[in-house]
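Observations on chain architecture
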Amino acid sequence: MKPSTPITQRTALVTGGSRGIGKAVCLALAGQGFNIAVGFAGNAGAADDTAAACKAKGVEAIALQADVRDEAAVKTMVHTVNDTFGRIDVLVCSAGIAKDGLIMRTSEADFDSVTAINLKGTFLCIKAVSKIMMKQRYGRIIALSSVVGLRGNAGQTSYAASKAGVVGIIKSVAKELATRGITANAVAPGFIETDMTAALSPAQKEAAASAIPIPRLGRPEDVASAVAFLAGESAGYTTGQVLSVDGGMAI
Ligand code: NAP
């Protein structure tokens, strides 16, 4: 189903929009004419910079602080976006963290914090926008999974669990919301150069790149262009899918 408003009035909410992949998504969608709400946790300066860069592309943009673990904060963020722009056409769940370690050294607290942000946060954000999108009878939901959620990875049990769980959420809501004109898809990046992967040494990055069929690390823009496709009207018959953007890692 097509939205009733022209593309210049459509709105996207991007959690984790202050940095990395989320920031690149904000810029890509602003470039397509979406008004942008930039969600962030604590980095107000970076979120304001993303919003300013979106505005420079000729759209409206606001930055909104909300911890995605907190249902009340998520609801407030979503209602603020809807009150400001009148609708929410696209939700991109990019807020996420990793706390790596072998399972025997992973504390319960670390497991809980990774799954609370990556998995529960995705659930809470989708839940909060679903009513609005159902009323609109239009929506595009995109969540960031990971190659690690599809294949597992030694030293990333909590992260893998959270990202596999995201796929389960997406496939379920895709089935629940399909008749309301709402699609839900996941994007599964491979190794993308952002703050999340900045701790690795150049030698570790080189070793990682050489093991990828397309032998380089990914850029946030590589992921953003896949998200932008799924956020667009032309992806209206694609739902419940996981689109890998990993240079072939998951093959
Ligand atoms: P990043 O550069 O570390 O940025 C993380 C973003 O998440 C920031 O905008 C941060 O906000 C926000 N965030 C963190 N905790 C939050 C919370 N509790 N509530 C709300 N927002 C929170 O990460 P990235 O590399 O762009 O990753 C983006 C997504 O892609 C994540 O879900 C990640 O798991 C996934 N992914 C990344 C890679 C990769 O290689 N980089 C690969 C596969 C999947 P502040 O700036 O305010 O802290």
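A brief look at the structure comes next. (Residues numbered from 1 in each chain as written. Predicted model: local features only at pLDDT ≥ 70, side-chain atom pairs only at ≥ 80, totals over all residues. Heavy atoms only, no water.)

So, about the overall build of the protein chain. The helix and strand inventory of the protein chain stands at eight helices and seven strands. Here the C-alpha radius of gyration of the protein chain, 17 Å, is about what a compact globule of 251 residues would show, namely 18 Å. Projected onto its principal axes, the C-alpha coordinates of the protein chain cover approximately 50 × 35 × 35 Å. Across the 251 residues that make up the protein chain, the buried fraction comes to 50%. Residue pairs in contact within the protein chain that sit at least 24 positions apart in sequence constitute 74% of those at least 6 positions apart. Of the accessible surface of the protein chain, which amounts to about 11,400 Å², a share of 55% is contributed by carbon and sulfur atoms. (Helix = DSSP H or I, 4+ residues; strand = E, 2+ residues; numbered from the N terminus. Rg over C-alpha atoms; globule rule 2.2 N^0.38 Å. Buried < 20%, exposed > 50% of the residue type's maximum accessible area, 1.4 Å probe, protein only. Contact = heavy atoms within 4.5 Å. Areas by Shrake-Rupley, 256 points an atom, 1.4 Å probe, with all protein chains shown as cover.)

In this section: the pattern of salt bridges. A pair can form between side chains of opposite charge whenever their charged atoms are brought close. In the structure shown here, the tally under the stated rule is eight salt bridges. Among the ionic pairs, Glu193 bridges to Lys205, the shortest N-O distance being 3.4 Å. Separated by twelve residues along the polypeptide, Glu193 in the loop between strand E6 (182–189) and helix H7 (202–210) and Lys205 in helix H7 bring together distant segments of the chain. Residue class for Glu193 comes out partly exposed when judged on its relative accessible area of 42%. Between Arg216 and Asp222 there is a salt bridge, with the nearest N and O atoms lying 3.0 Å from each other. Assessed through its relative accessible area of 21%, Asp222 is described here as partly exposed. (Salt bridge = Lys/Arg side-chain N within 4 Å of Asp/Glu carboxyl O.)

Before going further, it helps to spend a moment on the site of the ligand. The ligand sits among 30 residues. The nearest are Ser18, Arg19, Ile21, Tyr159 and Thr194. The contact in question runs from a nitrogen atom of the ligand to an N or O atom on the backbone of Val68, over 3.0 Å. According to the grid-proximity analysis, the pocket containing the ligand is the largest pocket. Residue assignment for the shell around the ligand shows that the elements contributing at least two residues are helix H1 (20–31) and helix H6 (157–177). (Near = heavy atom within 4 Å. Polar contact = N/O pair within 3.5 Å; in protein donor to acceptor, adjacent residues only side chain to side chain. 1 Å grid on protein atoms, 1.4 Å probe; cavity = no way out; pocket = protein on both sides within 12 Å on 5 of 7 lines; lining within 4 Å. Sits in = over half its atoms within 2 Å of the grid points.)

Our focus in this paragraph is the packing of H1 against helix H2 (residues 44–55). Axis separation between H1 and H2 bottoms out at 9 Å; the angle between their running directions is 20°. As summarised for this structure, H1 and H2 are arranged roughly parallel, according to the angle between their axes. When you trace H1 past H2, the crossing you get is right-handed. Counting all contacts with H1, which are made through Lys23, Cys26, Leu27 and Ala30, the residues of H2 involved are Thr50, Ala53 and Cys54. Broken down by class, the residue content of the contact of H1 with H2 amounts to five nonpolar, one polar and one charged. (Axes fitted to C-alpha atoms, helices over the stretch in contact; angles between N-to-C directions. Parallel < 35°, antiparallel > 145°, perpendicular 65-115°, else oblique. Left-handed = near helix turned anticlockwise from the far one by under 90°. Nonpolar A, V, L, I, M, F, W, Y, C, P; charged D, E, K, R; others polar.)

This brings us to the sheet that holds strand E1 (residues 11–15). Picture the strands of a sheet paired through backbone hydrogen bonds; they go either parallel or antiparallel. The strand order across the open sheet formed by seven strands is E3-E2-E1-E4-E5-E6-E7, and the pairing between neighbours is parallel. Looking at which strands have only one partner, the edges of the open sheet turn out to be strand E3 (61–65) and strand E7 (242–245). Across the sheet, the mean angle from the axis of one strand to that of its neighbour is 20°, orientation sign disregarded. Those strands touched by H1 are E1, strand E2 (35–40), strand E4 (90–93), strand E5 (139–144) and E6, and its axis lies near 170° from that of E1. Of the strands in this sheet, E1, E4, E5 and E6 touch helix H4 (residues 108–136), which is tilted by about 175° from E4. (Pairing = 2+ DSSP bridges.)

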